[in-house]
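# Descriptive analysis of the structure
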Amino acid sequence: MSGLKHPYVTSPTRWTVFLRTFLPWQLWRFVRINLKMIGIIRRSH
Amino acid sequence: MSRVVVLGAGVSGHTAAAFARKWLGRSDTVTVVSPKDYYNWIPSNIWVGVGLMRPEQVTFPLKPVYQRHGIEFVHGAARAIHPEGSSDDPTPHVIVTPTGGASGATVKVPYDYLINATGPRLRFDRTPGLGPEGHSHSVCTEDHAAGAARALAESVERMKRGERQQFVVGVGHGTCTCEGAAFEYIVNLEFELRSRGVRDKADILWLTNEYELGDFGMGGMHFEVGGYVTPSSVFNASLFAERGIEWVTRAHVRQVDPGLIHYETLDGAVREQRADFAMLLPPFSGVGLKAFDRNGGDITASLFQPNEFMKVDADYRPKPYEDWRAGDWPRTYQSPVYRNLFAVGIAFAPPHAISRPFTSPSGAAIAPAPPRTGMPSAMIGKAVARSVVDMIRGAEAPTRTASMAEMGAACVASAGANPLTGTAASMTVFPIVPDFDRYAPYGRDLKRTFGEIGLAGHWIKIILHHLFLYKARLRPGWSLIPE
């Protein structure tokens, strides 16, 4: 029997969870996400 | 000299008024009519609702801002539009009930161009017992959010004394919209309970009218991840499972009693859910503006849909879901009846929902209404302001378009507020209303539609909070900040 409460739901790996608050990676993502958003904003205006 | 009148001072109305003022000459006037004399940056209400911000941090008085920029302000609620004037005065005008005025007192506000940005009426009355005056909380206004924060603090105290608490967050009716705001609230709530050391005493349930998690009233989204095109439901369920949040989808709340929520689901089941704390958003309608012709005849039905939102240049012919098209959505937001009348933000009537509609065996409609807030709302307000200014200068027709089926949106949904351990889901979607002809089969440009969760999103959310409040205060350089 599975020990998971929701065995059919996708779960993040420990590495993925770690990266969510890992400062160097998040600084890079901050830049990347902003660039993506600026692209959407420019295309939508 | 032309008179531009804007009804409402929310995101779309305030944006429209500010840009109209900026672009018009000083001989023209811009007047804002609003029952509230302060601005509320609503996206940050969720932080007020978990006790992280005070109402004063998400609001500011409008009068000084408008005085500084030469915008006239009428503190009152618009009641009726007379687009042809009246028998004794041919000038188009709006009848306004002044806030704090004598009972029955009204003032007449004349206009050459009218922008209806009245936003929603919060229809707590559609579900017995729903709302702050009933047995649940809301974050729709800063006051509601402050009430939710007080109740949350009481629940936390109970948990510290060893009691278990059942939290239910979501929507309080089958036809609600703004699931995204409720989503932000539930993940912030969960984060806060962890931060306050009482998470082990809390059971948290997401109660929604969405057919699948991650619908958000937009029919869901698809992201390219790891070699797969994956629906947003996968990510939403994953986050909930990770945070220990249970969920009930396809639900219509029928009644809220003290500590008990009665709801039905699409499969016909009728259930009860215990709730020590419930934050359930209400359904929306228009604010109930009336309209009259020059002879005093009631023409409300020709200007407004039955849901009280204003008809604009959309295709309102009833169609089955399979025949819905991106082209049904409005582009100029001009009334088809009066060329000098526009509706922006939540005030315009969408042609139909975005999410597929469903009805329960009892006949209850259970499907999210389409969101029309935030970035698209402001962009529509700006586009209409430009059209109005150009028409004042001689253009025959609106010069700008802002179809939600042709524009994208960037959204940051907070999932926990802390500068080092917080997270937020950052998303972009293009276009907002899926265009299945242009972007088959998912309806959206997958290169411009993405989402990820992380601390960077929280930083962006904090920056946006300050940036958009700065912009709304019309501080130097405000117009350079994009909507």
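Read on for a plain summary of the structure. All chains use their own residue numbering, which begins from 1 and follows the written sequence. Whichever chain is written first becomes A and whichever ligand is written first becomes 1, with later ones labelled in order. Given that the model is predicted, a residue must reach a pLDDT of at least 70 before its local features are reported, and side-chain atom pairs must reach 80 or more before they are shown or counted; all residues, however, enter totals for whole chains, interfaces and linings. Heavy atoms throughout the structure, all of them, feed into the side-chain values; hydrogens and water do not.

## A closer look at unusual backbone geometry
Residue and element names in this part refer to chain B. Just so we agree on the cut-off: Helix and strand assignments come from DSSP, with helices taken as H or I runs of at least 4 residues and strands as E runs of at least 2, each series counted from the N terminus.
The linkage connecting Phe 430 with the following residue, Pro 431, adopts the cis geometry, with an omega of -10°. One can find Pro 431 in the loop between strand S23 (424-429) and strand S24 (450-454). Residue Pro 441 is bonded to the preceding Ala 440 through a cis peptide linkage, with omega at 0°. Residue position: Pro 441 is located in the loop between S23 and S24. Unusually for a residue other than glycine, Tyr 333 sits at a positive phi of about 70°. Counting through the fold element by element, Tyr 333 comes out in the loop between helix H7 (300-303) and strand S21 (341-343).

## Some thoughts on the pattern of salt bridges
All names here are of chain B. Where we set the bar: Salt-bridge detection follows one rule: a side-chain nitrogen of Lys or Arg within 4 Å of a carboxyl oxygen of Asp or Glu.
A complete count under the given rule lists 30 salt bridges over all chains for this structure. For Lys 461, the salt bridge goes to Glu 184, with nearest N and O atoms at 3.0 Å. Separated by 277 residues along the polypeptide, Lys 461 in helix H9 (residues 455-472) and Glu 184 in helix H5 (residues 179-195) bring together distant segments of the chain. The partner of Arg 356 in a salt bridge is Glu 322, and the shortest N-O contact between them spans 3.5 Å. In this pair, Arg 356 sits in the loop between S21 and helix H8 (374-392) while Glu 322 sits in the loop between H7 and S21, placing the two residues 34 residues apart along the sequence. Among the charged side chains, a network of salt bridges with common partners joins Glu 190, Arg 194, Arg 199 and Arg 243.

## A few points about the sheet that holds strand S11 (residues 202-207) of chain B
All names here are of chain B. Selection criterion: Pairs of strands are assigned from DSSP output, requiring at least two bridges between the strands. Helix axes are fitted only over the stretch in contact, all axes being lines through C-alpha atoms; the angle between N-to-C directions runs from 0 to 180 degrees. Pairs of residues are marked as contacts when any of their non-hydrogen atoms sit within 4.5 Å.
One open sheet holds the four strands; their spatial order is S14-S11-S10-S18, and the pairing between them is parallel. Across the chains shown, the open sheet's two edge strands, defined by having one partner strand only, are strand S14 (245-248) and strand S18 (277-281). For this sheet, the mean inter-axis angle between neighbouring strands, taken without regard to orientation, is 15°. The strands touched by helix H4 (residues 142-160) within the sheet are strand S10 (165-171), S11 and S18, with S10 carrying the most contacts at an inclination of about 155°. In the packing of helix H6 (residues 232-243) onto the sheet, contacts are made with S11 and S14, and the angle to S14 comes to roughly 135°.

## Some details on the pairing of strand S13 (residues 228-231) of chain B
All names here are of chain B. Bridge count for strand S12 (residues 222-225) against S13 is four bridges, and the pairing is antiparallel. Its bridge partner being in S13, Phe 223 is matched across the sheet by Thr 230. Hairpin remark: S12 followed by S13, antiparallel, with two residues in the connecting loop; positive phi at Gly 226, about 55°.

## A word on the layout of surface pockets
Put simply, the rule reads: Site definitions follow a grid-based scheme: protein atoms alone, a 1 Å grid, a 1.4 Å probe that fits but cannot get out for cavities, and for pockets an open set with protein on both sides within 12 Å along at least five of seven lines, plus lining residues having an atom within 4 Å of a point. Grid points are joined across faces, edges and corners, and a volume is the space filled by probe spheres set on the points. Classification convention: Asp, Glu, Lys, Arg as charged; Ala, Val, Leu, Ile, Met, Phe, Trp, Tyr, Cys, Pro as nonpolar; all other residues, Gly among them, as polar.
Looking at the second largest pocket, its volume works out to about 770 Å³. Going through the elements one at a time, helix H1 (14-20) and helix H2 (23-44) of chain A together with S12, H6, S23 and S24 of chain B are the ones with two or more residues in the lining of the second largest pocket. Here the lining of the second largest pocket takes seven residues from H6(B), the largest share from any one element. A class-by-class count of the residues in the lining of the second largest pocket yields 15 nonpolar, ten polar and six charged.

## Topic: the interface of chain B and chain A
Threshold: By definition, the buried area sums, over both parts, the 1.4 Å-probe accessible area that each loses when the two are put together. Whenever two N or O atoms come within 3.5 Å, that pair is a polar contact, provided that in protein one can donate a hydrogen and the other can accept it, and provided that, for residues adjacent in sequence, both atoms are side-chain atoms.
Taken together, the contacts link 39 residues of chain B with 23 residues of chain A. Summed over both partners, the interface of chain B with chain A buries about 2,600 Å², with 69% contributed by carbon and sulfur atoms. Contact with chain A buries surface across chain B, with Glu452(B), Trp459(B) and Ile460(B) losing the most and accounting together for 18% of the total. Linking chain B with chain A are three salt bridges, by the criterion used here. For the pair chain B and chain A, the number of links is eight residue pairs in polar contact (both at pLDDT 80 or more). Elements with a contribution of two residues or more to the side of chain B that touches chain A: H6, S14, H8, strand S22 (409-414), S23, S24 and H9 of chain B. Each residue belonging to the side of chain B that touches chain A can be placed in one class, and the counts come to 24 nonpolar, eight polar and seven charged.

## With respect to the nonpolar core
Here is a general trend for soluble globular proteins: nonpolar side chains tend to be buried in one another's company. Residue and element names in this part refer to chain B. Condition: By nonpolar core we mean a set of buried residues, namely Ala, Val, Leu, Ile, Met, Phe, Trp, Tyr and Cys, connected to one another through side-chain atoms within 4.5 Å. Residue exposure (1.4 Å probe, protein chains only): buried if accessible area is under 20% of the type maximum, exposed if over 50%, otherwise partly exposed.
Within the largest apolar cluster, 133 residues are counted, with the highest numbers of intra-cluster contacts made by Leu 152, Phe 167, Tyr 185, Leu 193, Trp 206 and Ile 380. Here this core takes ten residues from H8, the largest share from any one element. Leave out the neighbours within four places in its chain, and Trp 206 touches Val 169, Gly 170, Glu 179, Ala 182, Phe 183, Ile 186, Leu 213, Phe 240, Ile 245, Glu 246, Trp 247 and Val 248. Among the nonpolar cores identified, the runner-up in size contains 14 residues, and Phe 124, Leu 130, Val 256 and Ala 278 belong to it.

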